[in-house]
Structure formats: C-alpha cells, structure tokens
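Listed here are the chains, written in short residue letters.
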Amino acid sequence: QVQLVESGGGLVQAGGSLRLSCAASGRTFSSYAMGWFRQAPGKEREFVAAISSSGGSTYYADSVQGRFTISRDNAKNTVKLQMNSLKPEDTAVYSCAARRGGPYYSPSDYNYWGQGTQVTVSS
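Attention in this report is confined to the structure presented alongside it. Fair warning: this is a prediction, and the values are worked out from it, not measured in the lab. (Residues numbered from 1 in each chain as written. Predicted model: local features only at pLDDT ≥ 70, side-chain atom pairs only at ≥ 80, totals over all residues. Heavy atoms only, no water.)

**Let's talk about the overall build of the chain**
Regarding its fold elements, the chain presents zero helices and 11 strands. Secondary structure elements of the chain occur, N-terminal to C-terminal, as β-β-β-β-β-β-β-β-β-β-β. Radius of gyration (C-alpha) of the chain: 13 Å, near the 14 Å computed for a compact globule of 123 residues. Oriented by its inertia axes, the alpha-carbon framework of the chain measures out at about 40 × 25 × 25 Å. Going through the 123 residues of the chain one by one, you find that 43% of them count as buried. For the chain, restricting intrachain contacts to residue pairs at least 6 apart in sequence, the fraction spanning at least 24 positions comes to 58%. For the chain, the exposed surface amounts to about 6200 Å²; the carbon and sulfur share of it is 44%. For the chain, the centre of its 12 positive side-chain charges and the centre of its 8 negative side-chain charges are spaced 8 Å apart. (Helix = DSSP H or I, 4+ residues; strand = E, 2+ residues; numbered from the N terminus. Rg over C-alpha atoms; globule rule 2.2 N^0.38 Å. Buried < 20%, exposed > 50% of the residue type's maximum accessible area, 1.4 Å probe, protein only. Contact = heavy atoms within 4.5 Å. Areas by Shrake-Rupley, 256 points an atom, 1.4 Å probe, with all protein chains shown as cover. Lys, Arg positive; Asp, Glu negative; His and termini not counted. Charge placed at Lys NZ, Arg CZ, Asp CG, Glu CD.)

Laid out in structure tokens, this is it:
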C-alpha cells in the first residue's frame, strides 16, 4: 500500500515556473514507478511524465517535453515535477500516481493516486 500527497501547486503567470512534490508513505517506494498526470476541466486525465523505479529512465508527453522535468529521491520517498515556461494550457489539477513495475502512460495502469494539486497559469 502506498499513500501519496502532492504539494506545490498554485497560481503563476505564463512563462513562470512551479515545482510540484509528491510524498509517498511506505517502505517500498523504490519498487514503484511514478507518474504525473493532469486533468483540466471538461477534459480527460492525461499523461504528463513518468519515471522508473530507479530513476534511471524518464518519459514525457510531447506537450511538456523540454519544459518539465521529473525526478525522484528514493531515500526521501519523494518525486518532483519541475515545470518551467508554463503556459495557460498547462492549467489543470496535477496528480501523482504509483505502480509496481515499469512506468506506463495510461492512468489505468497506476494503482495508487494522490488527491491532486491545482496549477493555474494566467496569461
């Protein structure tokens, strides 16, 4: 069982930066691949980024490639999402998720979810 708690969301102007954090409970955090997803009002939840259990492999949606960076610290049971050059279309509720095994792109492949944190980018 893994419990996830996100933090770091907020309101930022276009072009600005935010860093989201996801704190995980449990002693087996290093066994889980982690993902960040987002959901804007009226839209489906979409993949943003994922990282393998060791942190050695990362994956990004085309829409955030080059602007967002996912990282993890297995000693601290945390995963972060550094978001730079934010755009109004990045506005959404961002959630972290965990799954055993390799990272995947579909929300349905993840077993554990945080409650989400709101990110709002003003133009």
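So, next bit.
**Description of the nonpolar core**
Residues M34, W36, L81, M83 and Y94 are the most contacted members of the largest nonpolar core, which totals 35 residues. Taken together, the elements giving at least two residues each to this core come down to β3 (18–24), β4 (32–39), β5 (46–51), β7 (68–73), β8 (78–83), β9 (92–100) and β11 (117–122). (Core = buried A, V, L, I, M, F, W, Y, C linked by side-chain atoms within 4.5 Å.)

**Some remarks on the sheet that holds β7**
Taken in spatial order, the four strands line up as β1-β3-β8-β7 in an open sheet, and their pairing is antiparallel. Unpaired on one side and paired on the other, β1 (4–7) and β7 mark the two borders of the sheet. Strand-to-strand twist in this sheet, taken as the mean axis angle between neighbours without regard to direction, amounts to 15°. (Pairing = 2+ DSSP bridges. Axes fitted to C-alpha atoms, helices over the stretch in contact; angles between N-to-C directions.)

**Some details on the pattern of salt bridges**
Under the definition given, this model contains three salt bridges. The shortest N-O distance in the salt bridge between R38 and D90 comes to 2.9 Å. Note that R38 is positioned in strand β4 and D90 in the loop between β8 and β9, a separation of 52 residues in sequence. Judged by its relative accessible area of 6%, R38 falls in the buried class. Looking at D90, the relative accessible area reads 1%, which means it is buried. (Salt bridge = Lys/Arg side-chain N within 4 Å of Asp/Glu carboxyl O.)

**Re the state of the cysteines**
Scanning the entire structure with this criterion turns up one disulfide. Each disulfide pairs two cysteine sulfurs, and for C22 the partner residue is C96, the sulfurs being separated by 2.0 Å. The sign of the 55° torsion about the S-S bond sets the C22-C96 disulfide as right-handed. Placement of C22 in strand β3 and of C96 in strand β9 is noted, with a sequence separation of 74 residues between them. (Disulfide = S-S within 2.5 Å.)

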